[in-house]
Amino acid sequence: MRLLGRTFDGFEKATARQAAGFPLTASWVDLPDLEHTVLHTDALLDGTVDLALVVSDWLPALISRGAVRDLAPYLAASPPPDWPDGWSPSMRLLQTRGSRVYGLPYHDGPMMLLYRSDLFTDDEERAGFFERFRYPLAPPTTWDQFLDAARWFTRPGLYGTVLAGLPDGHNDVYDFLLQLWSRGGDLSSLAGPAGVSGLAFLRQLHAEGLVDPASLEWDSVASGEAFAAGGAALMVNWSGFAAMSTPDVVACSPVPDGVSLNIYWVLVMGAGCSDPERAYEYLRHVATPEMDLITSLEGANGVRLSTWRDPRVRALSSAYEVMEDVHRGVLSPPPVTAWPSVSEVLSAAIADVIRGRAEPRDALERAAAHIEQAGWLTPEI
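Residues numbered from 1 in each chain as written. Predicted model: local features only at pLDDT ≥ 70, side-chain atom pairs only at ≥ 80, totals over all residues. Heavy atoms only, no water.

Engineer: I'd like a rundown of the overall build of the chain, residues and numbers included.
Structural biologist: When its secondary structure is counted, the chain shows 17 helices and 12 strands. In terms of overall size, the chain behaves like a compact globule, its C-alpha atoms giving a radius of gyration of 21 Å where 381 residues would be expected to give roughly 21 Å. Taken along its principal axes, the extent of the C-alpha atoms in the chain is 65 × 50 × 30 Å. Each of the 381 residues in the chain was classed as buried or not, and the buried ones make up 57%. For the chain, long-range pairs separated by at least 24 residues make up 74% of all intrachain contacts whose partners lie at least 6 apart in sequence. Counting only carbon and sulfur atoms, one obtains 51% of the accessible surface of the chain, whose full area is about 15200 Å². (Helix = DSSP H or I, 4+ residues; strand = E, 2+ residues; numbered from the N terminus. Rg over C-alpha atoms; globule rule 2.2 N^0.38 Å. Buried < 20%, exposed > 50% of the residue type's maximum accessible area, 1.4 Å probe, protein only. Contact = heavy atoms within 4.5 Å. Areas by Shrake-Rupley, 256 points an atom, 1.4 Å probe, with all protein chains shown as cover.)

Below, the structure is given as structure tokens:
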């Protein structure tokens, strides 16, 4: 069997252990190459790829193309242990259409606030912060507090925060969506006050020098690695990056203003898979408690409730202590087949603003007009 996924140390190490005893060849490619292969070629249809690890954003397009198999018959005949109640409802939502199930969750975020607890508890830092801002230093619960903390900690050798600025239609768009949603906006009012102020906020972080200028070319993995290496004091990013850092140095809490983003990675079976019974056997195997635990222990994020609650996993990252609570209030991009096109347009608008080529309102008005004219967000029946 041939499995295709994104290059990421956690994925590769976990799969190497989980695939022991299975006739499986795994190939790992960069995110743009993975997106191109699964969405714009027939690899999943013609049997070139039997199994793929894909981000949930792509599922509407894959389902619409008939590129992935419905796993419901296999799940009914031989479900993984504790299916479905062993997973949070939010981890089963995005791959489900009615009674059909188009994949099993493998790796999860969601987005959280990650911060250097050693800095936030330092007496000198706390005293200095209070003297400047006149309120106690603590993990920020609003974006205004986040901005204050980023300003305070920015100094030679340390940036206040981290952003993934690469215009790849992923983390740059997710950062904007968090700003849009937390300010009360949505995609139907893209160029409204919430969207404009949210995008202006992201530009401000760059304009004030609170993020490393190199981050304009960083994707999500590069941004997480920079934070884990001690390059910034706090960031909003995928909770899995906390596991890359020392647990007694990095802590996690909910995203400021209480809105988090739920995007996760799903193992799917290609429609052209030559041996679906064997492929499902592997999917079921990976979804067992023991194998899902390995996902977390090897540096990715397992998706079962049992994994989130396991003391060995909680010792790796404080993210797992708040994981279930965060999942009760997550939002996701709309399940439309054209979402990759929507995110591409949004990414271009964000890049124009962050790089000083356009004002937030102008860029978002152009993006909104493009998206509306194309009808990409029209609800699908």
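There's more to say after this.
Engineer: Provide a residue-level description of the sheet that holds strand β1 (residues 2-6), including the pertinent values.
Structural biologist: If you walk across this open sheet you meet the five strands as β2-β1-β3-β11-β6, and the pairing is mixed. Two strands lie at the open edges of the sheet, namely β2 (25-29) and β6 (104-108), each paired on one side alone. Averaged over all pairs of adjacent strands, the angle between their axes in this sheet comes to 25°, without regard to strand direction. Pairing of β1 with β2 involves five bridges; the strand directions are parallel. (Pairing = 2+ DSSP bridges. Axes fitted to C-alpha atoms, helices over the stretch in contact; angles between N-to-C directions.)

Engineer: For the environment of Asp30, give the residues involved together with the corresponding values.
Structural biologist: Take Asp30: it is sitting in the loop between β2 and α2 (31-40). Taking the C-alpha atoms as reference points, Asp30 and Thr141, 111 residues apart in sequence, are found 34 Å from one another.

Engineer: Can you tell me about the environment of Leu177, naming the residues and giving the values?
Structural biologist: Topologically, Leu177 is positioned in helix α8 (residues 171-182). A relative accessible area of 0% places Leu177 in the buried class. A C-alpha to C-alpha distance of 9.5 Å links Leu177 and Leu331, two positions 154 residues apart in sequence.

Engineer: Could you give an account of the packing of aromatic side chains, with specific residues and numbers?
Structural biologist: One pass over the structure, following the stated rule, counts 16 aromatic pairs. When the ring of Phe8 is compared with that of Phe11, the centres are 4.9 Å apart and the planes differ by 85°; the resulting orientation is edge-to-face. There is no split in this pair, since Phe8 and Phe11 are both buried. With 5.5 Å between their ring centres and 80° between their planes, Tyr174 and Trp238 make a pair best called edge-to-face. With a gap of 64 residues between them, Tyr174 in helix α8 and Trp238 in strand β8 (residues 234-238) connect regions that are remote in the sequence. Of the aromatic side chains, those joined through ring pairs into one cluster are Phe8, Phe11, Trp58, Tyr106 and Trp265. (Phe/Tyr/Trp six-rings, centres within 6.5 Å; stacked < 30°, edge-to-face > 60°.)

Engineer: Mind laying out the pairing of β8, listing which residues take part and the relevant values?
Structural biologist: Taking burial as the measure, the five residues of β8 include five buried ones, the bulk of the element. In terms of strand pairing, strand β7 (residues 111-116) meets β8 through five bridges, oriented antiparallel. Considered in β8, the bridge of Met111 is made with Trp238.

Engineer: Which residues make up helix α16 (residues 339-354), and what values do they have?
Structural biologist: Between its terminal C-alpha atoms α16 stretches 22 Å, which fits the 22 Å expected from 16 residues at 1.5 Å a residue. Most of α16 sits inside the fold, with 12 of its 16 residues counted as buried. Buried residues of α16: Trp339, Pro340, Val342, Ser343, Val345, Leu346, Ser347, Ala349, Ile350, Ala351, Val353 and Ile354, and no others. As for α16, its buried residues are in contact with α2, α8, α9 (193-207) and α17 (360-374). Looking one or two places after α16, you find Gly356, whose phi comes out positive at around 80°. (Expected span 1.5 Å × (residues − 1).)

Engineer: Now, about unusual backbone geometry: what can you tell me, with residues and values included?
Structural biologist: Here the residue pair Trp83 and Pro84 is connected by a cis peptide bond, since its omega of 0° sits within 30 degrees of zero. Tracing the backbone through its elements, the reader meets Pro84 in the loop between α4 (72-77) and β4 (96-97). Despite not being glycine, Asp82 shows a phi value in the positive range, around 70°. Structurally, the position occupied by Asp82 is in the loop between α4 and β4.

Engineer: Give me the pattern of salt bridges: which residues, what numbers.
Structural biologist: One pass over the structure, following the stated rule, counts 17 salt bridges. A salt bridge links Glu359 to Arg203, with the nearest nitrogen and oxygen atoms 3.3 Å apart. With a gap of 156 residues between them, Glu359 in the loop between α16 and α17 and Arg203 in helix α9 connect regions that are remote in the sequence. Residue classification places Glu359 among the partly exposed positions, given a relative accessible area of 44%. On the accessibility criterion, Arg203 (24% relative accessible area) is partly exposed. (Salt bridge = Lys/Arg side-chain N within 4 Å of Asp/Glu carboxyl O.)

Engineer: Tell me about the sheet that holds strand β9 (residues 250-253), and name the residues and values.
Structural biologist: Strand pairing within a sheet occurs via backbone hydrogen bonds; the two strands may be parallel or antiparallel. With antiparallel pairing, three strands are arranged side by side in an open sheet as β8-β7-β9. Single-partner strands in this sheet number two, and they are β8 and β9. For this sheet, the mean inter-axis angle between neighbouring strands, taken without regard to orientation, is 35°. Across four bridges, β7 lies against β9 in antiparallel orientation. Looking at β9, one finds that Leu114 is bridged to Cys252. Against the sheet, helix α15 (residues 319-327) makes contact with β7 and β9, and its axis sits at roughly 150° relative to β7, the strand it touches most.

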